[in-house]
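Residue-level structure breakdown
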Amino acid sequence: MRHLLLLLTLLLAPISEAQEVIGPRPEAGHANGGVEPAMVPTPRPSVVVGELSTPRFRILYTARAEGSARQLSTNIESIRDAFVGVLGRDWPGVTELRVGVGREEFEALALPGGAPPGWAVALAYPTHRIVLLNALTLAGPEGMVTLRHELAHVALGQLASNWPRWFQEGLAQNLTGENYSMTHYAALFRAVTQEKVFRFEHLHDAWPDIPSDVEIAYAQSAAFVAWLSARHGPEGMGRLVDEVATGQPFEQAFGKAFRSSLWVEELAWRDGLAARYGWLPLTTSSSLVWLGATGLVVAAYLRRRKQKEARFAEMDAQEALEEEAMRATLEAELAQQHLLVPPPVPPSPEAAKLAEPSDRSEPSDSVASEWHEPPSPHGPEFEDEEQTLPRPPKPTVH
């Protein structure tokens, strides 16, 4: 599955590189790379309203960050225990964590003379054993990674000094788990295939300026420190810490701790890069077979879909032609019928005058008699008798 994601990352890499902008990006920062404030007593920031204590930590928080501080106090000791398992040593003293909400409180918690850069979302003062945290960042998906990264700088600053830049960043990423990200894997793949792996002596103090080169520097530092830790174990890493703590140069301490030079170890690490980050892991992985099969299925689906769309378009065009032909046929038949049937002839004036009814005709007497005088109910034999009998006179009403 990792190789599938890697190949997709590599395919999208040109797009992401085209969108890169040179300049700092929001990330964890530490004062170890610059000048820290002087070790003088400083008053507690006025925005701090409370304090929580664990065996090896002191957590100062603002009114808005109390919930985040209490949640942090429940797991901060286990995070430090994981550091001891990798380094083989624990740094001394109590480390102070200052937690606020928002940029204004974050900057208000800083030490005098050590204001955080505008791009930093967390800040460590290794010499002072102090870490600044923004609760909004701490609650995000990368919050705990940022915390571990800052604690790594505090640990190295407390255990020894004069660590090379590549070792600081590489160890911090191993302690936070960042070395297992697909971004780092893709960066190392690009470095191997383009033969652009940096020499670690060139990453002792300076760091690349081009964003794509910065990704390679981070990735190869994390990979090399992980390789050293797996090769020599916590005991070897602890001896390296002890040797560097004596104040001798890092390369000399490295040789005493691992009984080998930095260049020899680097060459041994480089020999296996192609097998771990080149094309070989992809070509020998079953994930590539599944990726190829998936690609074939997608291609077949797209081809089939295109054929169906073309067929539907052809059917629609054929149906439109048939409807047009049928419409033309019906119009032709209607025109022919109009030619065969003559139009109706209007009647002449004389015929129209004869057809008009006469208003002056009157019904005959016989018709009127039949209509107004119904037949007698006594039959025809009484008709003469009724005619001969005199009618009684009408009474006079006085």
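The notes below deal with the structure included here. Note that the coordinates shown come from a computational prediction; the quantities given were computed from them, not determined experimentally.

Taken residue by residue, helix 10 (residues 250–258) has Phe-250, Ala-253, Phe-254, Ala-257 and Phe-258 as its buried positions. The arc that holds the buried residues of helix 10, viewed along the axis, is 110°, so those residues lie on one side. Along its buried surface, helix 10 packs onto helix 7 (165–176), helix 9 (211–245) and helix 11 (262–271). With its phi angle positive at about 55°, Arg-259 sits one or two positions after the end of helix 10.

For Asn-162, the location among the structural elements is in the loop between helix 6 (143–159) and helix 7. Residue Asn-162 is classed as exposed on the basis of its relative accessible area, which comes to 61%. Expressed as a C-alpha distance, the spacing of Asn-162 and Asp-205, which sit 43 residues apart in the sequence, is 9.9 Å.

Moving on, we get to a negative patch on the surface. Among the surface-exposed residues, Asp-316, Glu-319, Glu-322 and Glu-323 lie close enough to one another that they form a single negatively charged patch. Tracing the backbone through its elements, the reader meets Glu-319 in helix 14 (residues 286–340). A residue is classified by how much of its surface remains accessible, and Glu-319, at 44% relative accessible area, is partly exposed.

Turning to the packing of helix 6 against helix 7, a few remarks are in order. The contact between helix 6 and helix 7 brings their axes to 8 Å, and the two run at 135°. The angle between helix 6 and helix 7 places the two elements in the oblique class. Read as a crossing pair, helix 6 and helix 7 show a hand that is right-handed. Between helix 6, through Val-145, Arg-148, His-149, Ala-152, His-153 and Leu-156, and helix 7, the contact on the second element is made entirely by Phe-167, Gln-168, Glu-169, Leu-171, Ala-172, Leu-175 and Thr-176.

So, about the nonpolar core. In terms of nonpolar packing, the biggest core is built from 67 residues, with Leu-72, Leu-151, Trp-163, Trp-166, Phe-167 and Leu-240 touching the most fellow members. For this core, the leading source of residues is helix 9, giving 14 residues. Once residues lying within four places of it in the same chain are set aside, the contact partners of Phe-167 are Leu-156, Val-225, Met-237, Leu-240 and Phe-250. Membership of the second largest hydrophobic core comes to ten residues, among which are Val-48, Ala-110, Ile-130 and Leu-132.

Quick look at the packing of aromatic side chains now. A full pass over the atoms with the stated rule returns 16 aromatic pairs. Seen in terms of ring centroids, Trp-163 and Phe-250 are 6.2 Å apart; in terms of plane orientation they differ by 65°. Their pairing is edge-to-face. Linking Trp-163 in the loop between helix 6 and helix 7 with Phe-250 in helix 10, this pair joins segments that are 87 residues apart in sequence. Taking relative accessible area as the criterion, Trp-163 reaches 7% and is therefore assigned buried. With a relative accessible area of 3%, Phe-250 lands in the buried category. For the ring pair Trp-166 and Phe-250, a centre distance of 5.8 Å and an interplane angle of 85° mean the geometry is edge-to-face.

Analysis parameters
- Residues numbered from 1 in each chain as written.
- Predicted model: local features only at pLDDT ≥ 70, side-chain atom pairs only at ≥ 80, totals over all residues.
- Heavy atoms only, no water.
- Buried < 20%, exposed > 50% of the residue type's maximum accessible area, 1.4 Å probe, protein only.
- Helix = DSSP H or I, 4+ residues; strand = E, 2+ residues; numbered from the N terminus.
- Arc of directions from axis to C-beta.
- Contact = heavy atoms within 4.5 Å.
- Patch = residues over 30% accessible without salt bridge, like charges linked within 9 Å, V, L, I, M, F, W, Y side chains within 5 Å.
- Areas by Shrake-Rupley, 256 points an atom, 1.4 Å probe, with all protein chains shown as cover.
- Salt bridge = Lys/Arg side-chain N within 4 Å of Asp/Glu carboxyl O.
- Lys, Arg positive; Asp, Glu negative; His and termini not counted.
- Charge placed at Lys NZ, Arg CZ, Asp CG, Glu CD.
- Axes fitted to C-alpha atoms, helices over the stretch in contact; angles between N-to-C directions.
- Parallel < 35°, antiparallel > 145°, perpendicular 65-115°, else oblique.
- Left-handed = near helix turned anticlockwise from the far one by under 90°.
- Core = buried A, V, L, I, M, F, W, Y, C linked by side-chain atoms within 4.5 Å.
- Phe/Tyr/Trp six-rings, centres within 6.5 Å; stacked < 30°, edge-to-face > 60°.

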